[in-house]
Amino acid sequence: PRPVTRSIAGLARATAGAPAKARVTWIGAGRPVLTAYATRELSSGRKGGGGRVGALFGLAAVALGKFKYVLVALKLTKLAPVLSMVASSLAYSAIFGPAYGCGMVGLIFVHECGHILAMRYYGLPFSPMLFIPFVGAVIQMQKLPATAAQSAVVALAGPVVGGVAAGATAFA
């Protein structure tokens, strides 16, 4: 980083909200000079805050890149559906409370069971259910349905069964 010599009032403008280290040195007849070491280029042309948004997107990209290894590890074990269901329930519970967390994951489970019932009816092989916190769950069809009507029934079975379950809990 390049040192930038400014007055105290100019320090905020010089660093443009970026994290900076400041050092006061005394030159000549007791005149203080404030030196700021900004952690990003001062002549980038961006207004403050662009670096923070970029850092958040970078962090999200790294996290999602590492998350695929977790998914592969879960796929290799037979406990993947149960562990992913527990993880999803804990994630919802941490933010919204245990009643909401367990209820939400239960309704997602019932929704996915609707898809499973339709795939079993048509003899379509499918993967185990995998829950993804704050996204939902996924079941992968191993073979495509023979007709568009079968595909539509499989697609709509989840929302129909899930809607009936949600309606039942609303009136319970």
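Quick caveat, the model's predicted, so the values are computed rather than measured.

Scoring rules and cut-offs
Residues numbered from 1 in each chain as written. Predicted model: local features only at pLDDT ≥ 70, side-chain atom pairs only at ≥ 80, totals over all residues. Heavy atoms only, no water. Core = buried A, V, L, I, M, F, W, Y, C linked by side-chain atoms within 4.5 Å. Buried < 20%, exposed > 50% of the residue type's maximum accessible area, 1.4 Å probe, protein only. Helix = DSSP H or I, 4+ residues; strand = E, 2+ residues; numbered from the N terminus. Contact = heavy atoms within 4.5 Å. Axes fitted to C-alpha atoms, helices over the stretch in contact; angles between N-to-C directions. Parallel < 35°, antiparallel > 145°, perpendicular 65-115°, else oblique. Left-handed = near helix turned anticlockwise from the far one by under 90°. Nonpolar A, V, L, I, M, F, W, Y, C, P; charged D, E, K, R; others polar. Phe/Tyr/Trp six-rings, centres within 6.5 Å; stacked < 30°, edge-to-face > 60°.

Core analysis: the largest hydrophobic core is formed by 13 residues, its most contacted members being I108, M119, M129, F131, A137, I139 and V154. For this core, the secondary-structure elements that each account for two or more residues are α4 (98–121) and α5 (148–170). It is α4 that provides the largest number of residues to this core, a total of five residues. Beyond its immediate chain neighbours, meaning those up to four positions away, M119 contacts L124, F126, I139, M141 and V154.

On to the packing of helix α3 (residues 80–96) against α4. Helix packing for two helices is described by the angle between their axes and how far apart those axes are. The interhelical angle for the contact between α3 and α4, taken along N-to-C directions, is 140 degrees, at an axis separation of 7 Å. In terms of orientation, α3 and α4 fall into the oblique class. The handedness of the crossing between α3 and α4 comes out as right-handed. Residues M85, S88, S89, Y92, S93 and F96 of α3 lie in contact with α4, whose contacting residues are P98, Y100, G101, C102, M104, V105, I108 and F109. Considered class by class, the residues forming the contact of α3 with α4 number ten nonpolar, four polar and no charged.

For the structure on display, the rule yields four aromatic pairs. Residues Y92 and Y100 carry aromatic rings whose centres are separated by 6.3 Å and whose planes lie at 65 degrees to one another, so their mutual orientation is edge-to-face. Look at Y121 and Y122: their rings are 5.1 Å apart centre to centre, the planes differ by 80 degrees, and that puts the pair in the edge-to-face class. Taken together, the aromatic side chains of Y92, F96, Y100 and F134 make up a single cluster linked through ring pairs.

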